[in-house]
Amino acid sequence: MDTRLIFLDIDGTFIEPGRTEAPASAAEAVRAARANGHKVFLCTGRNYRMTSPLLRYGFDGYVCSAGGYVVCGQEVLFDCPMDRAQSDGVRALLEAHGVDCTLEAKNATYGGARMLERFAGYQARQAAPLNSELERWRRAFADGMLISPLEQYQGEPIYKICYIASDAASLLPAKAAYGDQFNFCETETFKPDGPGCINGELINRKFNKGEGIRRICQHLGLTTAAAVAFGDSENDLEMTDVAGISYCMANGAPALKARCTRICPAVDQDGIAASFRELGLI
């Protein structure tokens, strides 16, 4: 069959949220697809440093920071951090209204201790599992996974800001001032038995995961019809607008399921391997 370009989100898609080990079936599917002449890329909201431990599985490139840093082979195709005025300004406005933030540079992530307190409290009250983005951050803080104290931030360029807020009203000032510059991609709101939680990501409107896919396709001389995208959360929505075929994991967000062309088994039910077989990639 013709060469396919396969793009895999990480948390909740290629691996269980916050983990560093892929299911054996998914790892073998990636290896076999590449052996059959297809190209496989990671397409993630994680920055490069949080992505790099997974590169040992063998990939042809990666889209990091939700499209802000794109690499094909050894070539950097796109590198677009926020300018300092943007990152400092929106961060100050969020924090002034009680919103906790994590700052993602290319090779470092900075977060405050209060984030871990929030995660612990929400998890204690929440009967169902946290969504994949919240679970990724909860594990990252709890396990000390590549997180540096916010106080150590020295002003390096920031690609993405993640946030967690107690209510929608606390986000309104930042949205009013920066809504034309950033997409406030909010994963989920829940209210178990007390105050609710809104977690999200600030993604520069100059890029998104879909544009990352488009850049790699163009670089390789293929149309986006050759792309197959896999995701589970609402920061994967733009992938579905670009890829010829799009899969939402069974554990994924309802909004993404409604947009994707197909749904596959969950990450812990060998969904990647099953879908690769369905497409004839392996």
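See the structure shown above.
Model, not experiment: these values are computed from the prediction. Note that residues are indexed from 1 along each chain, following the sequence as it is written. It should be noted that, the model being predicted, local features are given only for residues of pLDDT at least 70 and side-chain atom pairs only at 80 or more, the latter also being counted only at that level, while totals for whole chains, interfaces and linings use all residues. Hydrogen atoms and water are omitted, and side-chain values are computed over all heavy atoms in the structure.

### Here's the deal with helix α3 (residues 84-96)
What counts, and what does not: Numbering of helices and strands runs from the N terminus; a helix is a DSSP stretch of H or I covering at least four residues, while a strand is a stretch of E covering at least two. For a helix, the expected span equals 1.5 Å multiplied by the number of residues minus one. The term polar contact refers here to a pair of N or O atoms within 3.5 Å; inside protein, the definition further demands a hydrogen-donor-capable atom paired with an acceptor-capable atom, and it admits residues adjacent in sequence only when both atoms are side-chain atoms.
With 13 residues, α3 ought to run about 18 Å at 1.5 Å a step, and its terminal C-alpha atoms sit 18 Å apart, in line with that. N-capping of α3 is provided by Asp-83, with a side-chain oxygen placed 3.2 Å from the backbone N of Ala-85. Phi for Gly-98, located one or two positions after α3, is positive at around 80 degrees.

### A closer look at the sheet that holds strand β4 (residues 69-72)
Condition: What makes two strands pair is DSSP finding at least two bridges between them. Interaxial angle, 0 to 180 degrees, is taken between N-to-C directions of lines fitted to C-alpha atoms, where a helix line uses only the stretch in contact.
One open sheet holds the 8 strands; their spatial order is β5-β4-β3-β2-β1-β12-β13-β14, and the pairing between them is mixed. Only two strands of the sheet have a single partner each, and these edge strands are β5 (75-79) and β14 (262-264). Strand-to-strand twist of the sheet, defined as the mean angle between neighbouring strand axes without regard to direction, takes the value 20 degrees.

### Some points on the packing of helix α1 (residues 24-35) against helix α10 (residues 271-278)
Inclusion rule: Contact definition: two residues touch when any of their heavy atoms are within 4.5 Å. Each residue is assigned to one of three groups, with Ala, Val, Leu, Ile, Met, Phe, Trp, Tyr, Cys and Pro labelled nonpolar, Asp, Glu, Lys and Arg labelled charged, and all others, Gly among them, labelled polar.
It is at 7 Å that the axes of α1 and α10 come closest, and there the two elements cross at 30 degrees. Residue-level contacts link Ser-25, Ala-26, Ala-29, Val-30 and Ala-33 of α1 to Ile-272, Ala-273 and Phe-276 of α10. Classifying every residue of the contact of α1 with α10 by side-chain character gives 7 nonpolar, 1 polar and no charged.

### A short note on the nonpolar core
Threshold: Think of a nonpolar core as a cluster: buried Ala, Val, Leu, Ile, Met, Phe, Trp, Tyr and Cys residues, connected wherever their side-chain atoms sit within 4.5 Å. Partly exposed describes any residue whose relative accessible area lies between the buried limit of under 20% and the exposed limit of over 50%, with all areas from a 1.4 Å probe on protein chains only and scaled to the type maximum.
Core analysis: the largest hydrophobic core is formed by 33 residues, its most contacted members being Leu-8, Phe-14, Phe-230 and Phe-276. Secondary-structure elements contributing two or more residues to this core are β1 (5-8), α1, β2 (39-43), β3 (61-64), β4, β12 (227-231), β13 (245-249) and α10. A per-element tally of this core places α1 first, with 5 residues. Residues Leu-94, Tyr-178, Phe-184 and Leu-202 belong to the second largest nonpolar core, which totals 22 residues.

### Some points on the packing of aromatic side chains
This is how the line gets drawn: Only rings of Phe, Tyr and Trp enter the pairing, Trp through its six-membered ring, and a pair is recorded when the two centres are within 6.5 Å. The plane angle decides the type: under 30 degrees is stacked, over 60 is edge-to-face, the rest tilted.
Evaluated as defined, the whole model comprises 12 aromatic pairs. For the ring pair Phe-14 and Tyr-57, a centre distance of 5.6 Å and an interplane angle of 85 degrees mean the geometry is edge-to-face. Here Phe-14, found in the loop between β1 and α1, pairs with Tyr-57, found in the loop between α2 (48-51) and β3; they are 43 residues apart in sequence, far enough to count as distant. Per residue, the accessibility class of Phe-14 equals that of Tyr-57, and both read buried. A ring pair is formed by Tyr-178 and Phe-182, whose centres lie 6.2 Å apart and whose planes are at 45 degrees; its orientation type is tilted. Among the residues examined, Tyr-178 registers a relative accessible area of 14% and is labelled buried. Grouped by ring-pair contacts, the aromatic residues Tyr-48, Tyr-62, Tyr-69 and Tyr-159 constitute a single cluster.

### Quick look at the pattern of salt bridges
Test applied: We count a salt bridge whenever a side-chain nitrogen from Lys or Arg sits within 4 Å of a carboxyl oxygen from Asp or Glu.
The full count for this structure, using the stated rule, is 14 salt bridges. Residues Asp-9 and Lys-209 are paired through a salt bridge, measuring 3.0 Å at the closest nitrogen-oxygen approach. Of this pair, Asp-9 sits in the loop between β1 and α1 while Lys-209 is found in helix α7 (residues 209-220), placing the two residues 200 residues apart along the sequence. By relative accessible area, which is 1% here, Lys-209 ends up buried. A salt bridge links Asp-236 to Lys-209; its shortest N-O distance comes to 2.5 Å. Of the two residues, Asp-236 sits in the loop between β12 and α8 (237-242) while Lys-209 sits in helix α7, which places them 27 residues apart along the sequence. Residue Asp-236 is classed as buried on the basis of its relative accessible area of 1%. Several salt bridges share partner residues, and in doing so they unite Asp-9, Lys-209 and Asp-236 into one network.

Remember that the coordinates give geometry; whether it matters functionally is a separate question.
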